[in-house]
Amino acid sequence: MTIADRWLLPDGMDEVLPPQTLRMESLRRALLDLYYRWGYDMVMPPPVEFLDSLLTGTGTDLELQTFKLTDQLTGRLMGASADVTPQVARMDAHSLRREGPVRLCYCAHVLRAQADEYQGGRSPVQLGLELFGHAGLEADQEIMQLVLSSLDLAGARNVHLAIGHIGIYRALAGEAGLAAEAERALFAALERKAVGEVDAIVDAHVQDPSLAEMLRQLPRLHGGDEVLERAREVFAGAPAAVGEALAQLTALRTSIGRDSEQVARYFDLAELRGYEYHTGMVFAAYVPGYGQALAKGGRYDDTGRAFGRPRPATGCSMDLKLLASLDEQRPSHDGIWAPASESEALARRVSELRQAGERVVQALAGQTTGARAHFCDRELIEHEGRWQVRPLED
Ligand SMILES: N[C@@H](Cc1c[nH]c[nH+]1)C(=O)O
C-alpha cells in the first residue's frame, strides 16, 4: 500500500484546507450574525441519533441518504444526520415547546450516504434557518428575504430562483383518489419530468376528464411569471387548495420582485423535490456554472406531529462549503509579519496590534520561510527606535 492509497478519501468526503477554510469560517460568522440580527436563535443538533426518531415524519429519500451505525451501548440502530431540518423541527416541537413564532438557525456537518446527483459532496456543512409557529405567507417571505441576503453576502450573482408548490399536486392527486401504487408512479414520473409517462398514468387511472387534463398539464407549467397566469386558466375548476396555492405564489412573486430586482424567477408547478416532508411552497436557488442548488427550502407544516406538537414550519438550508466556493476572488488572508526577536518593545507592539484585530504572525527562531509564505501583506520594521507597520516590499 502506497502513502497515496492510505490517504485515499472516500468519494465525496473531502477535507477543506486554507485558504478555503478561512473563507468558510468568515462567511459562517457573517451569516450567523445576520440571522442573529433577525432574531434567529442558534441550535446544535446531535450528529447521530436513534434511527427511528431521526427519520420520523420524513420520507424514503432521507432514509436512503442516511448512514447507519450500531450503538455499542444499547445495540440499537443509529443514523448520522443527513438533513438538520427534521432535527430542528423536533427541537421546536419537543425540546423547546415555546409559544408563538420560533426562529432557529444552525450550522452543522451532515453526512450523506449518496452524493447529490450534481456532484455534491457527501459531507456538506448544512447552514440554515427554520421558522415555526406561523402559517402565513409573511413567514415564507421572511425566509426568502434571508435566503437572498445570504446569497448576496456569499457573493452569488445572477441568482435564479425556481419556485413550486407541493399543495397543487397534493390537491389534484387527492381529488383523483388514486390507488397508492398509481400515485407513487405519478409522483415519480412528475419528479423526473417524464411528460409522456405522466400522460400514460393519467390516461390509465383518472376517469374525470377535466381532472385528467389538469394533471397532464402540471409538468407543462414551468417558466417565467406568465406561468402563474396560465395556471389560473388551467386550474379554473380545480379544488380550492389549488387556487390558494396559486395566490400564495403570486404574492411571493410580488415580494421577491420588491426585495430583489436582480433575481430571475422561474416557476415550476410540478416541482416535487425534497424529502417528502414539504407541504406547500418549495424553492431552490441556482447560479450559472453550478449544477447544484445553492439554497433549498420551503414550507413543511406539521412535521412536529410525531413529537406531539404539529406546528406550521418554513425554512431553508444551504451548503456552506458550496457557498464559500462562490467568491474565490475574495482576499482570504492578510496580516503583519513580525521578525523573530526577544525585544520587549516588539512583543508589546505585536500584542497591541492583535488586540486591535490584526493578524500578526511572528517568525520562530531559525525559521527560513518568510512573510509571503505566511500570507502576510505587511511587516513590522524597527525604525528610529519604534516598531512600525510597513507594506511588504517587492
Ligand atoms: N432541509 C431541506 C430544505 C429545508 C429547510 N427547511 C425547509 N426545507 C433540504 O435540504 O432540502
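Remember, predicted model here, so these are calculated numbers, not experimental data.

Rules and cut-offs
- Every chain is numbered independently, its residues counted from 1 as its sequence is written.
- Residues qualify for local features only when their pLDDT is at least 70, as the model is predicted, and side-chain atom pairs are given and counted only at 80 or more; totals for whole chains, interfaces and linings, by contrast, use all residues.
- To get the side-chain values, all heavy atoms of the structure are used, and hydrogens and water are removed first.
- The convention used is that axes are lines fitted to C-alpha atoms, helices contributing only their stretch in contact, and that angles between N-to-C directions extend from 0 to 180 degrees.
- A run of DSSP states H or I qualifies as a helix once it reaches four residues; a run of E qualifies as a strand once it reaches two. Both are numbered from the N-terminal end.
- These descriptions rest on fixed angle ranges, namely under 35 degrees for roughly parallel, over 145 for roughly antiparallel, 65 to 115 for roughly perpendicular, and the rest for oblique.
- Handedness of a crossing is defined here by the sense of rotation of the near helix relative to the far one, left-handed for an anticlockwise turn of less than a right angle and right-handed for a clockwise turn.
- Any pair of residues with heavy atoms lying within 4.5 Å of one another is described as a contacting pair.
- Put simply, Ala, Val, Leu, Ile, Met, Phe, Trp, Tyr, Cys and Pro go in the nonpolar bin, Asp, Glu, Lys and Arg in the charged bin, and everything else, Gly too, in the polar bin.
- Only rings of Phe, Tyr and Trp enter the pairing, Trp through its six-membered ring, and a pair is recorded when the two centres are within 6.5 Å. The plane angle decides the type: under 30 degrees is stacked, over 60 is edge-to-face, the rest tilted.
- Summary of the burial criterion: residues with accessible area below 20% of their type's maximum are buried, those above 50% are exposed, and those between are partly exposed, where the area comes from a 1.4 Å probe applied to protein chains only.
- The criterion is that NZ of a Lys, or CZ of an Arg, lies within 6 Å of the ring centre and within 35 degrees of the ring normal, and then a charge sits over that ring.
- Pairing between strands is defined by DSSP: at least two bridges between the two strands are required.
- Cysteine sulfur pairs qualify as disulfides if the two atoms are within 2.5 Å.
- Every case where a carboxyl oxygen of Asp or Glu lies within 4 Å of a side-chain nitrogen of Lys or Arg is listed as a salt bridge.
- UniProt positions are given in the numbering used here, feature names are shortened, and annotations may be inferred rather than shown by experiment.
- Cavities and pockets were defined on a 1 Å grid built over protein atoms only: a cavity is a set of grid points that admits a 1.4 Å probe from which the probe cannot escape, a pocket is an open set flanked by protein on both sides within 12 Å along at least five of seven lines, and lining residues are those with an atom within 4 Å of any such point.
- Within 3.5 Å is the distance limit for a polar contact, defined as a pair of N or O atoms, with the added protein rule that one can donate a hydrogen and the other accept it, and that residues adjacent in sequence qualify only through two side-chain atoms.
- What makes a residue near a molecule or strand is one non-hydrogen atom of that residue sitting within 4 Å of it.

Some words on the packing of helix H11 (residues 226-234) against helix H12 (residues 240-259)
And step 1. Look at H11 against H12: their axes get within 10 Å of each other, and the N-to-C directions meet at 165°. Between H11 and H12, the angle is such that the two are roughly antiparallel. By crossing handedness, the relation of H11 to H12 is classed as left-handed. Where H11 approaches H12, its residues Leu 228, Glu 229, Ala 231 and Arg 232 are matched on the opposing element by Leu 246, Leu 249, Thr 250 and Arg 253.
And step 2. Split into classes, the residues belonging to the contact of H11 with H12 amount to four nonpolar, one polar and three charged.

Description of the packing of aromatic side chains
And step 1. What the rule picks out here adds up to three aromatic pairs.
And step 2. Judged by centre distance (6.3 Å) and plane angle (80°), the rings of Phe 132 and Tyr 300 are edge-to-face. Taken together, the residues Phe 132 in strand S6 (residues 125-132) and Tyr 300 in the loop between strand S11 (295-299) and strand S12 (313-319) connect sequence positions 168 residues apart. Residue Phe 132 shares its accessibility class with Tyr 300, and that shared class is buried.
And step 3. Among the aromatic residues, ring-to-ring pairing joins Phe 132, Tyr 277 and Tyr 300 into one connected group.
And step 4. The positively charged end of Arg 76 is found above the aromatic ring belonging to Phe 50, 3.8 Å away from the centroid.

Comments concerning the side chain of His 278
And step 1. Structurally, the position occupied by His 278 is in the loop between strand S9 (264-268) and strand S10 (281-286).
And step 2. Excluding anything up to four places from it in sequence, His 278 contacts Ile 166, Arg 170, Arg 273, Gly 297, Gly 298, Arg 299 and Tyr 300.

Considering the sheet that holds strand S4 (residues 77-80)
And step 1. Taking strand neighbours across the sheet as the criterion, the three strands line up as S2-S4-S3 in an open arrangement whose pairing is antiparallel. The two strands at the open ends of the sheet, each matched to only one other strand, are strand S2 (48-50) and strand S3 (68-70). Recorded for the sheet is a direction-independent mean angle of 40° between the axes of neighbouring strands.
And step 2. Judged from the three bridges that link them, S2 and S4 form a sheet pairing that is antiparallel.

Topic: the state of the cysteines
And step 1. Applying the stated criterion across every chain, the model contains zero disulfides.
And step 2. With no disulfide of its own, Cys 105 lies 9.1 Å from the sulfur of Cys 107, the closest cysteine sulfur.
And step 3. Accessibility expressed as a relative area gives 2% for Cys 105, which makes it buried.

Some words on the pattern of salt bridges
And step 1. The tally for this structure, following the rule as stated, stands at 24 salt bridges.
And step 2. With a shortest N-O distance of 3.1 Å, Arg 378 and Glu 358 are connected by a salt bridge. Note that Arg 378 is positioned in strand S15 (residues 378-383) and Glu 358 in the loop between helix H14 (344-355) and strand S14 (360-362), a separation of 20 residues in sequence.
And step 3. Given a relative accessible area of 19%, Arg 378 falls into the buried group.
And step 4. Look at Glu 358 and you get partly exposed, because its relative accessible area is 27%.
And step 5. Here the residues in one salt-bridge network are Glu 25, Arg 28 and Arg 29, joined through shared partners.

Observations concerning the UniProt feature "binding site: L-histidine" (unreviewed entry) in the protein
And step 1. Following the UniProt record, one finds the feature "binding site: L-histidine" (unreviewed entry) at Asp 83, Val 84, Thr 85, Arg 112, Gln 126, Glu 130 and Arg 273. Filtering the just-named annotated residues for those lining the second largest pocket gives Arg 273.
And step 2. When residues no more than four places from it in sequence are discounted, the contact partners of Thr 85 are Tyr 106, Gln 126, Glu 130, Tyr 277, Tyr 300 and Ser 317.
And step 3. Mapped onto the elements of the fold, Gln 126 is located in strand S6.
And step 4. Contact partners of Gln 126, with chain neighbours within four places excluded, come to Ala 82, Asp 83, Val 84, Thr 85, Tyr 106, Cys 107, Ala 108, Val 110, Arg 112, Ser 317 and Met 318.
And step 5. A distance of 3.0 Å separates polar atoms of two side chains, one belonging to Gln 126 and the other to Asp 83.

Some points on helix H7 (residues 166-176)
And step 1. The element H7 is largely enclosed, with a buried count of eight among its eleven residues.
And step 2. Along H7, the residues classified as buried are Ile 166, Gly 167, Ile 168, Tyr 169, Ala 171, Leu 172, Ala 173 and Ala 176.
And step 3. In the core, the buried residues of H7 are packed alongside strand S7 (160-165), helix H8 (180-191), helix H10 (209-217), H12 and S10.

Some thoughts on the sheet that holds strand S16 (residues 386-391)
And step 1. Strand order in this open sheet of four strands is S14-S13-S15-S16, and the pairing throughout is mixed. If you trace the sheet from one side to the other, it starts and ends with S14 and S16, each paired once. Sheet twist, expressed as the mean angle between neighbouring strand axes with direction ignored, is 35°.
And step 2. One ladder, built from six bridges, connects S15 with S16; its direction is antiparallel.

Focus on the site of the ligand
And step 1. Every one of the 15 residues lining the ligand counts as a neighbour, but Thr 85, Glu 130, Tyr 277, His 278 and Ser 317 are closest to it.
And step 2. Within the side chain of Glu 130, one N or O atom sits 2.7 Å away from a nitrogen atom of the ligand.
And step 3. At a separation of 3.5 Å, a nitrogen atom of the ligand approaches a polar backbone atom of Gly 315.
And step 4. Considered class by class, the residues forming the shell around the ligand number four nonpolar, seven polar and four charged.

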